[in-house]
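Examining the three-dimensional arrangement
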Amino acid sequence: MFNLNLGNLTPEQFLTEYWQKKPHIFRQGFKNFEDPISPDELAGLASDEMVESRLVWQKDDQWNAAFGPFESYDHLGEKDWSLIVQAVDYWAPEAAAMIEPFRFIPNWRLDDLMVSFASEGGSVGPHIDHYDVFICQGSGKRHWRVGDRGDLKEYAAHEALLHVEPFEAIIDEILQPGDILYIPPGFPHEGIGLEPSMSFSVGFRTNSATDMMSGLADFMIDKELGKQLIEDPDRDISVTPGVINDRDLARITQHLQTVIGNKKIMTHFAGCYFTTAKHELDIEIPEPLFKTNDTINAISDQPLSRLGGLRCSYFEESVDDGIFYINGEQYNLSASLSAAIKLLCNQQQIELSDISDWTDNDEFMNFITRMINEGYWYF
């Protein structure tokens, strides 16, 4: 179990004073910290073609990078290289537990848990990220420099590495096991291993308007929405046929706004879009498939866990109608089950005591059993 120590700050104070504003180090943010996954286990994940991984190393003052899967690291020597594995929370429940203390930030903002191993001198170079990240130092030590946000030039140190020009540090510190460095978007930073070390990064990301508009277009096509054409029965005669006049531009803008301004469409889109898994899910279908009685018996003995990386959300206005979203799909249960829906979306683990009000409800228990059989929840 990981207990987050923000020093003399409450989560509310952190959000007010630091979130997306300035970096900060929380000394012993995780007290008595022990790596939830070892370097060897991380290397094992990086050997799987379904897992996104990369190596970054320096040789003769040149930066190099390669993408996994990887079978060997012998050619790299003992210094100046790093292994980075994305979405470790999808594959390692012990490591995924590190995300739980950060749930005061909503799930739709969560990106993933990235884990890296660095040899002595290992780094990915000075760079800028466009997301919020809590970098939790594991075993070993790393030297971190963080600069102020500003107009800094970026350049390609390698075709797979975007670095930033030299910056003046506003944080220049060594992180010990259990220390946590928070970095908002846009602040240049660089971490260098002082000895073989592990680092665990809980990232929170939003989406650009371009990405969301592209996703909205795909959603509209899939759902066969937005097929209405612009209508202009009050059109005036044109003497300059080459112009798109202000009135026509207003028609075009209004036509698009009828989609974006449609709360029902946007709610359905956002629910699907923000619950779609960002990486391949580690789904295992139980054999034999569960029956409802199997579910009740099993949850009497052990907690029911949500699959790592699985995203579940609801909206305040529609959850009381039994509407919610799992992995890019809308689901509907009876309105009387709205409290159960909130439980499913808010908790990573469910115990018998949590669902005692609904164990006699066939609709709810059948739904839970269906989710187990689809590999979304597991014992």
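A closer look at helix 9 (residues 362-373)
The terminal C-alpha atoms of helix 9 lie 16 Å apart, and with twelve residues this matches the ideal 16 Å at 1.5 Å per residue to within 8%. Buried within helix 9 we find Phe364, Met365, Phe367, Ile368, Thr369, Met371, Ile372 and Asn373. Here the buried face of helix 9 lies against helix 7 (292-301), strand 14 (304-306), strand 16 (323-326), strand 17 (329-332), helix 8 (338-346) and strand 19 (377-378). The residue sitting at the N-terminus of helix 9 and contributing the capping side-chain oxygen is Asn361; that oxygen lies 3.0 Å from the backbone nitrogen of Glu363.

Observations regarding the nonpolar core
Counting residues in each nonpolar core, the largest one holds 74 residues, and the members touching the most others are Phe134, Ile326 and Trp377. Considering each element in turn, this core owes the most residues, six residues, to helix 9. Those residues in contact with Trp377, other than ones at most four positions away along the chain, are Leu304, Ser305, Arg306, Leu310, Cys312, Ile326, Leu344, Ile350, Met371 and Ile372. With eleven residues, the next largest nonpolar core counts Ile25, Ile135, Trp144 and Ile171 among its residues.

Things to note about the packing of aromatic side chains
Evaluated as defined, the whole model comprises 29 aromatic pairs. Ring geometry for Phe14 against Tyr182: centres 5.0 Å apart, planes inclined by 80°, an arrangement best described as edge-to-face. Remark: Tyr182 occurs in strand 11 (residues 180-183) and Phe14 occurs in helix 1 (residues 11-17); sequence separation between them is 168 residues. The exposure class assigned to Tyr182 is buried, which follows from its relative accessible area of 0%. The aromatic ring of Phe167 is capped on one face by Arg145, whose charged end is 4.7 Å from the ring centroid.

Some details on the sheet that holds strand 17
The strand order across the open sheet built from three strands is 15-16-17, with neighbouring strands paired in antiparallel fashion. The open sheet has two edge strands with one neighbour each: strand 15 (312-313) and strand 17. Examined bridge by bridge, strand 16 and strand 17 share four bridges and lie antiparallel to one another. Across the sheet, the residue bridging to Tyr325 is Gln330, located in strand 17.

Re the pairing of strand 9 (residues 161-164)
The two faces of a sheet get side chains in turn, since along a regular strand they alternate between them. Where strand 8 (residues 154-158) and strand 9 come together, four bridges link them in antiparallel fashion. By the bridge assignment, His158 is partnered in strand 9 with Leu161. Hairpin geometry of strand 8 and strand 9 is characterised by an intervening segment of two residues between the two adjacent antiparallel strands.

Let's talk about a nonpolar patch on the surface
Among the surface-exposed residues, Ile230, Ile244, Leu249, Ile252 and Leu256 lie close enough to one another that they form a single nonpolar patch of about 470 Å² accessible area. Examined against the element boundaries, Leu256 turns out to sit in helix 5 (residues 246-260).

Some details on the sheet that holds strand 14
Strand order across the open sheet formed by three strands is 18-14-19, with antiparallel pairing between neighbours. Of all strands in the sheet, those with a lone pairing partner are strand 18 (349-350) and strand 19, marking the two edges. In terms of strand pairing, strand 14 meets strand 18 through two bridges, oriented antiparallel. Residue pairing in the sheet places Ser305 in a bridge with Gln349 of strand 18.

Section: the side chain of Asp129
Along the chain, the position of Asp129 falls in the loop between strand 5 (110-118) and strand 6 (132-137). Although buried, Asp129 forms no salt bridge, and the nearest oppositely charged side chain, Arg205, lies 6.8 Å from it. Only 3.5 Å separates the side chain of Asp129 from the side chain of His127, close enough to count as a polar contact. Side-chain polar atoms of Asp129 contact the side chain of His189, separated by 3.1 Å. In this view, Asp129 contacts Pro185, Gly186 and His189; residues no more than four positions away in its chain are not counted.

Details of the pattern of salt bridges
Counted by the stated rule, this structure contains 15 salt bridges. Note that Asp179 is salt-bridged to Arg27, the shortest N-O span being 2.7 Å. Placement of the pair is Asp179 in the loop between strand 10 (169-175) and strand 11 and Arg27 in the loop between strand 1 (24-26) and helix 2 (39-46), with a sequence separation of 152 residues. Residue class for Asp179 comes out buried when judged on its relative accessible area of 2%. We note a salt bridge from Asp132 to Arg109, for which the minimum N-O separation is 3.5 Å. On the criterion of sequence distance, the pair formed by Asp132 in strand 6 and Arg109 in the loop between helix 3 (93-96) and strand 5 is long-range, its members being 23 residues apart. Among the residues examined, Asp132 registers a relative accessible area of 1% and is labelled buried. Taken together, the salt bridges that share partners define one network made up of Asp232, Asp234, Arg235, Asp236, Arg247, Asp248 and Arg251.

A word on unusual backbone geometry
Going from Gly68 to Pro69, the amide bond is cis rather than trans, its omega being 10°. Looking at the secondary structure, you find Pro69 in the loop between strand 3 (62-67) and strand 4 (81-85). For the bond running from Glu287 to Pro288, omega is -5°, close enough to zero to count as cis. Tracing the backbone shows Pro288 in the loop between helix 6 (263-273) and helix 7. Located in the positive-phi region is Asp61, a residue other than glycine, with phi close to 65°. For Asp61, the location among the structural elements is in the loop between strand 2 (53-59) and strand 3.

Some words on helix 6
Listed in full, the buried residues belonging to helix 6 are Ile265, Thr267, Phe269, Ala270, Gly271 and Cys272. On its buried face, helix 6 is in contact with helix 4 (209-222), helix 5, strand 16 and strand 17.

Calculation rules
Residues numbered from 1 in each chain as written. Predicted model: local features only at pLDDT ≥ 70, side-chain atom pairs only at ≥ 80, totals over all residues. Heavy atoms only, no water. Helix = DSSP H or I, 4+ residues; strand = E, 2+ residues; numbered from the N terminus. Expected span 1.5 Å × (residues − 1). Buried < 20%, exposed > 50% of the residue type's maximum accessible area, 1.4 Å probe, protein only. Contact = heavy atoms within 4.5 Å. Polar contact = N/O pair within 3.5 Å; in protein donor to acceptor, adjacent residues only side chain to side chain. Core = buried A, V, L, I, M, F, W, Y, C linked by side-chain atoms within 4.5 Å. Phe/Tyr/Trp six-rings, centres within 6.5 Å; stacked < 30°, edge-to-face > 60°. Lys NZ or Arg CZ within 6 Å of the ring centre and 35° of its normal. Pairing = 2+ DSSP bridges. Patch = residues over 30% accessible without salt bridge, like charges linked within 9 Å, V, L, I, M, F, W, Y side chains within 5 Å. Areas by Shrake-Rupley, 256 points an atom, 1.4 Å probe, with all protein chains shown as cover. Salt bridge = Lys/Arg side-chain N within 4 Å of Asp/Glu carboxyl O. Lys, Arg positive; Asp, Glu negative; His and termini not counted.

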